[in-house]
Amino acid sequence: MSAQSDPSQLTDPQLYEQLKVKMDESLVAARPILLELSKRLADEPERESYIFLLGLSYQDEYASSSDTGKLKQAVEYYNRYLKEFPSGIRADFVRFNLAGAYTDLNDLASAIKYYEITYKRSNKAVFRSESRNRMADLYIRSNRAADGIPLFLEVFSAAVLDADLRAQSASWLIQGYLAAGQPKEIVPYLRYLTGRYEAIYDPAFNVTLLKAGDNLFEQENYDQAVLLYSFVKGRGEIIDFYEARVESLQQKVRYVSPDSDQFMVVDGQLKAAEARLAAVKEIREYNVDMKWRIARVYKQTQRTWESLWAFVHLYEDFPDYEHVESFLFTAYSEAKDLGDDVMSEKLATDYLAEKDFLKFRAQVITGLAQHYAKQRRYDELMALVNAYMASPENFTVAAQLVNIVCSYYMVDAQYQEVRVYAEGLRERFPRREPLYEATRYWSGLSYLLLADYVQASETLGAFIQDYSQRSVFYEDVYYRYAVALFGEQKMSDAEAQFLSFVDAYPASGLRGEAELYIGDLMRSRGALEEASTHYRKVPDYTDNPSFLAKGVFALAEVLEELDRPQEGVDVLQAYVEAHGEDGQISEAYYRIGMVFDRLGRLDERFRIHSLAIRELIGDVSRYSVDELILSYVEHYGRYSTTFADSLALLNRLTQDAAFRKEFLTDRAYQYQYMQSAEGIHVDKELAYLLVRDRNFRHKIIETEIQVDPETGLEIPPKGEPVTEDMVLEELEKLVEFYREKQASIADYNPESFFNDLVASARASGDLIQQMRAQMALDSMSSEPTPPRFDWEQLSMAPPAVIIFEAAKHRESRPDATKELYETILQKHPYSNSVYDALLALADLTFEEAERSGAEKDWLTTLAYYNAITERYAMRSKNAKAHLRKGRILSELSRDAEAIQVLGQILRNPQWKGLDHAKAHLELGRAYRRQGKLSEAHGFFERLIVAYGGYAETVSWAYYYDLLTLEAMNETESVQQLLEEYKTRSKVLSQTEAYPLVEKKYAL
């Protein structure tokens, strides 16, 4: 080895010369010289610098090679330096570098130890501040942020004039308190997290805020979670900051001497900034995650408005993000919860426009369908539903859409539409559950509401057999089946089904109505006590005002039937007191009065009714008060006439002995009188006493003394004879009784009562009271009364007044009258007068269609009859509306529909008799028009055989059956039917069809 390559061979001057050369190259290159010098100067003070440089050389080599072995050697030399030269001029530098080396070796505890020594002992500000900063950073990195709080507080207090340090120490304190589980302590320091300070953009600090926010979220501390999230910087913001910082530090380091302490600090800052910039660039963009976290907090804390817009922005700002579908759906859900129909519709249509969005498609389609249904946008609803039903991907969704569409129809009582729609889908998708289940339910329900009880019970009964209680419809079907049986008049089956329903579903929302039906059924078979028990249960299981009222009214009736009328009155009075604001108070007052009426306490009846009328007459929404008013007028008039005619008869009986004898003894004269204008209104109880009660008649018919024709002597009567005085005494008792009755109602004369109400209404300007009182007065008149109010006033009138006044214009102004009836439909859709208005409109338009024969007129009247037969099918007392609807459909050449409507009549047992006969006739005619002659003949024949008592209808059946048999070439049958017709000609010759039969077949 040459002297040049072996430092030990060099002289001291040569070594120093060689050191200068190598130092210019690098510390690593100068290391052999430094080692030799450190040996030669083992006990000399100059050795201090060489030991330092040796440690520094190994640290530099580690920086370029990442060889931890070199770093460990650097640590060894730094420790040797501190041991040999604890007070050396480079001791601060050595301890600072040693702490950095321990940091790179991940011995963070040792690193903190030497930074702390440097921070406390160094007299140089640069070392103190940088050691403090790095020590604080290590507390954070080593998960000992809580231990660093005292240091962080010290730094924060000292940073009054240093905004950068204030932000840095605030970030440390936030991390320390979060680590210590004291999130409330961070609040004073959050305000320092503004501005462009490195501490705020430190990736580790932002990660800490993010994780701390997540922890707080999991702990349901949502307010502080969102607060921390709001301070987290996005990846782009951090990159922008560090790119600018690196550029700034690169410029700064150029102007700092490499040998200075400042260079070491700036260079360290530059390397740290470069490392952080590189690290941040390696991670994926997390802005969306951050905003998602904030949106999630808004949603969790039910800050729905902020949540909605947070998710809307996520959806709009990050269209390529993997969870964008969830963002859009969540925004849609929040808009729905807010009731923001415009936004929810937009978001729903945006979602459905994305063909790849499938995860929440079912919820969005059904939600949008519900939205369209709620807004009554039929065309858009059906377009959405039909598009899905063209090829349904999910039959559960399809079932939900059927429920929405059928519910839409139900709102407008379009029960026929429900049936047609449900049965159409049932045929298209047989056994496709749960769609098939839904269509069967709606089909059965529509039959029930259309009062087609036979079809309803068949459909609903089959549903119960085929499905278990797991069906969402099962409870309702179980109940509706009982109602259908009730409609079929299968009383015992219906009662058993209702009882079974109550047993199976004791807490059902339908139980109150079921208890009402059970009471009615038990009452119909005379089980009054049991019925009353069930009526009393109605309020326990329903809040429905209608059912509550029906239950109370039925209970009062049953108690009266049980000879407990006062208890019935008490029940009604309790109802009035409990439901005075929203109950059927007019009806209750009416019933209370009628209990007294039946007890013969007429003064109490009319007193209660007059008080009720005074109290309620001015409230336009109290529809039942109109019935109370009209019944008051009608009943008072009847009683007044009855008492007057009864007293007139009694007076004649007491004053005219000849009349008395003839009336009481001549049955023919008696019958003639009682059927005359003088006697037809006599009180029925009085008539019974005078005509049929043998015991009483014995008291009022004078005993005639018979004379024996042989002896000429009077024959003694059997028993005590009845004298004229005795008769008059009995009759005077009756006279006094009816005078008292007459006097008891004298104070309630409706004419004076309602005139008083009209006068007070005019004085106070109460138009509603005036209208109703005037209606009462006009209803008392035997002559037609003129119109009382103009069109504008009638537009504000109670519906019963409109009906009453409209009748005055029906002949002279039919079109204007129709407008009045339409006013009821629009302004009073829940009044009882709607049915009457629809009937009037249907009749008016039917007459117009008959006159014109125009298709548009038939369609107009059909719309009204559709409303009557569908919406009020269960209210119709007869089949007139269904018969006319069948006729209209036939006029429109829609015989198949006509047959279906007419078939409903035959399936309703309540319409037996003439209505069934007419239905048979119209069904036969409809089948004739279709060319189905055999079916037509069947209906005509059944009508002739089963309903022979209805001559007019039967005569038409003969006529059409003759034509039908003739068309079928049944010559012999035609002759037989003609002979049969002739045998009944005495009756049938008075019918409209007879001349047609006579003309065609030469009777």
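Looking up the protein chain in an unreviewed UniProt entry gives the name Tetratricopeptide repeat protein, with the organism given as Thalassobacterium maritimum. Among the UniProt annotations of the protein chain, the heading Sequence similarities (unreviewed entry) holds the following wording: "Belongs to the Rap family." In the Subcellular location (unreviewed entry) part of its UniProt record, the protein chain is described as follows: "Cytoplasm".

Here we take up the overall build of the protein chain. Looking only at helices and strands, the protein chain has 53 helices and two strands in total. Against the compact-globule benchmark of 30 Å for 1003 residues, the protein chain has a radius of gyration of 52 Å, which places it well outside the compact range. Relative to its 1003 residues, the protein chain shows a buried fraction of 51%. Residue pairs in contact within the protein chain that sit at least 24 positions apart in sequence constitute 56% of those at least 6 positions apart. Surface accessibility of the protein chain: about 49,400 Å² in total, with carbon and sulfur atoms responsible for 48%.

Our focus in this paragraph is helix α48 (residues 914-929). Along its 16 residues, α48 runs 23 Å from first to last C-alpha, staying within 8% of the 22 Å computed at 1.5 Å per residue. Of the surrounding elements, those touching the buried residues of α48 are α46 (880-891), α47 (895-906), α49 (933-946) and α50 (951-967). Gly931 sits one or two residues past α48 and shows a positive phi near 85°.

Attention shifts here to the pattern of salt bridges. Under the counting rule described, the total for this entry stands at 56 salt bridges. Between Asp412 and Arg376 there is a salt bridge, with its nearest N and O atoms 2.8 Å apart. On the criterion of sequence distance, the pair formed by Asp412 in the loop between α21 (395-411) and α22 (415-428) and Arg376 in the loop between α19 (361-374) and α20 (378-389) is long-range, its members being 36 residues apart. Residue classification places Asp412 among the partly exposed residues on the basis of a relative accessible area of 33%. With a closest N to O distance of 3.0 Å, Arg564 and Glu567 form a salt bridge. Accessibility expressed as a relative area gives 29% for Glu567, which makes it partly exposed. A cluster of three or more residues bridged by salt bridges with shared partners is formed by Arg523, Glu557, Glu561, Glu587 and Arg591.

So, on to the packing of aromatic side chains. Scanning the model with the defined rule gives 55 aromatic pairs in all. With a centroid separation of 6.2 Å and an interplanar angle of 65°, the aromatic rings of Trp305 and Trp309 are classed as edge-to-face. Of the two residues, Trp305 and Trp309 both sit in helix α16 (residues 304-317), four residues apart, roughly one turn of that helix. Connected via pairs of aromatic rings, a cluster forms that spans Phe606, Tyr632, Tyr636, Tyr639, Phe643, Phe737, Tyr738, Phe753 and Phe754. When the ring centre of Phe659 is taken as origin, the NZ or CZ atom of Arg652, which lies over that ring, is 3.8 Å away. Between the NZ or CZ atom of Lys1000 and the centre of the ring of Tyr1001, over which it lies, the distance is 5.6 Å.

A word on the nonpolar core. Core analysis: the largest hydrophobic core is formed by 164 residues, its most contacted members being Leu381 and Phe754. No other element matches helix α33 (residues 624-655), which puts 12 residues into this core. Setting aside its immediate chain neighbours within four residues, Leu381 contacts Ala369, Tyr372, Ala373, Ile404, Val405 and Tyr408.

What follows covers the packing of helix α42 (residues 799-809) against helix α44 (residues 833-852). Contact pair α42 / α44: the axes reach a minimum separation of 9 Å and the direction vectors enclose 25°. Classed by the angle they form, the pair α42 and α44 counts as roughly parallel. Seen from above, α42 lies across α44 with left-handed handedness. Contacts between α42 and α44 involve Pro799, Ala800 and Ile803 from the former and Ser833, Asp836 and Ala837 from the latter. Taken together, the residues of the contact of α42 with α44 break down into four nonpolar, one polar and one charged.

Here the residue pair Glu433 and Pro434 is connected by a cis peptide bond, since its omega of 0° sits within 30 degrees of zero. Within the secondary structure, Pro434 sits in the loop between α22 and α23 (435-449). The phi torsion at Asn106 lies on the positive side, around 65°, for a residue other than glycine. Position of Asn106 relative to the elements: it lies in the loop between α5 (91-104) and α6 (108-121). The class of Asn106 is exposed, set by a relative accessible area of 57%. Phi at Arg376 takes a positive value of approximately 60°, unusual for a residue other than glycine.

Turning to helix α27 (residues 511-524), a few remarks are in order. Helix length check: α27 (14 residues) gives 20 Å between terminal C-alpha atoms against 20 Å at 1.5 Å per residue, within 8%. Of all 14 residues in α27, 11 are buried, a share of seventy percent or more. Those residues of α27 that fall on the buried side of the exposure criterion are Arg511, Gly512, Glu513, Ala514, Glu515, Leu516, Tyr517, Ile518, Gly519, Leu521 and Met522. Buried residues along α27 sit in contact with α25 (474-487), α26 (491-504), α28 (528-541) and α29 (545-561).

Attention now moves to the environment of Arg80. Note on placement: Arg80 falls in helix α4 (residues 68-84). Judged by its relative accessible area of 28%, Arg80 falls in the partly exposed class. For the pair Arg80 and Gly55, spaced 25 residues apart in sequence, the C-alpha to C-alpha distance is 9.3 Å. The contact partners of Arg80, leaving out residues within four places of it in the chain, are Arg47 and Ile51.

Moving on to the environment of Arg607. As for its placement among the helices and strands, Arg607 is situated in helix α32 (residues 602-616). According to the relative accessible area criterion, Arg607 is partly exposed, its value standing at 38%. Note: C-alpha distance between Arg607 and Glu513 (94 residues apart in sequence) is 33 Å.

As for its position among the elements, Ser142 is in the loop between α7 (125-141) and α8 (149-158). Leave out the neighbours within four places in its chain, and Ser142 touches Leu108 and Ile112.

The contact between α21 and α23 brings their axes to 8 Å, and the two run at 15°. Relative to α23, α21 is oriented roughly parallel. For the pair α21 and α23, the sense of crossing is right-handed. Packed against α21, whose contacting residues are Phe395, Ala398, Ala399, Val402, Asn403, Cys406, Ser407 and Met410, the element α23 presents Leu435, Ala438, Thr439, Trp442, Leu445 and Leu449 at the interface. Residue classes in the contact of α21 with α23 are distributed as 11 nonpolar, three polar and no charged.

What counts, and at which threshold
- Residues numbered from 1 in each chain as written.
- Predicted model: local features only at pLDDT ≥ 70, side-chain atom pairs only at ≥ 80, totals over all residues.
- Heavy atoms only, no water.
- UniProt positions renumbered as here; feature names shortened; annotations may be inferred.
- Helix = DSSP H or I, 4+ residues; strand = E, 2+ residues; numbered from the N terminus.
- Rg over C-alpha atoms; globule rule 2.2 N^0.38 Å.
- Buried < 20%, exposed > 50% of the residue type's maximum accessible area, 1.4 Å probe, protein only.
- Contact = heavy atoms within 4.5 Å.
- Areas by Shrake-Rupley, 256 points an atom, 1.4 Å probe, with all protein chains shown as cover.
- Expected span 1.5 Å × (residues − 1).
- Salt bridge = Lys/Arg side-chain N within 4 Å of Asp/Glu carboxyl O.
- Phe/Tyr/Trp six-rings, centres within 6.5 Å; stacked < 30°, edge-to-face > 60°.
- Lys NZ or Arg CZ within 6 Å of the ring centre and 35° of its normal.
- Core = buried A, V, L, I, M, F, W, Y, C linked by side-chain atoms within 4.5 Å.
- Axes fitted to C-alpha atoms, helices over the stretch in contact; angles between N-to-C directions.
- Parallel < 35°, antiparallel > 145°, perpendicular 65-115°, else oblique.
- Left-handed = near helix turned anticlockwise from the far one by under 90°.
- Nonpolar A, V, L, I, M, F, W, Y, C, P; charged D, E, K, R; others polar.

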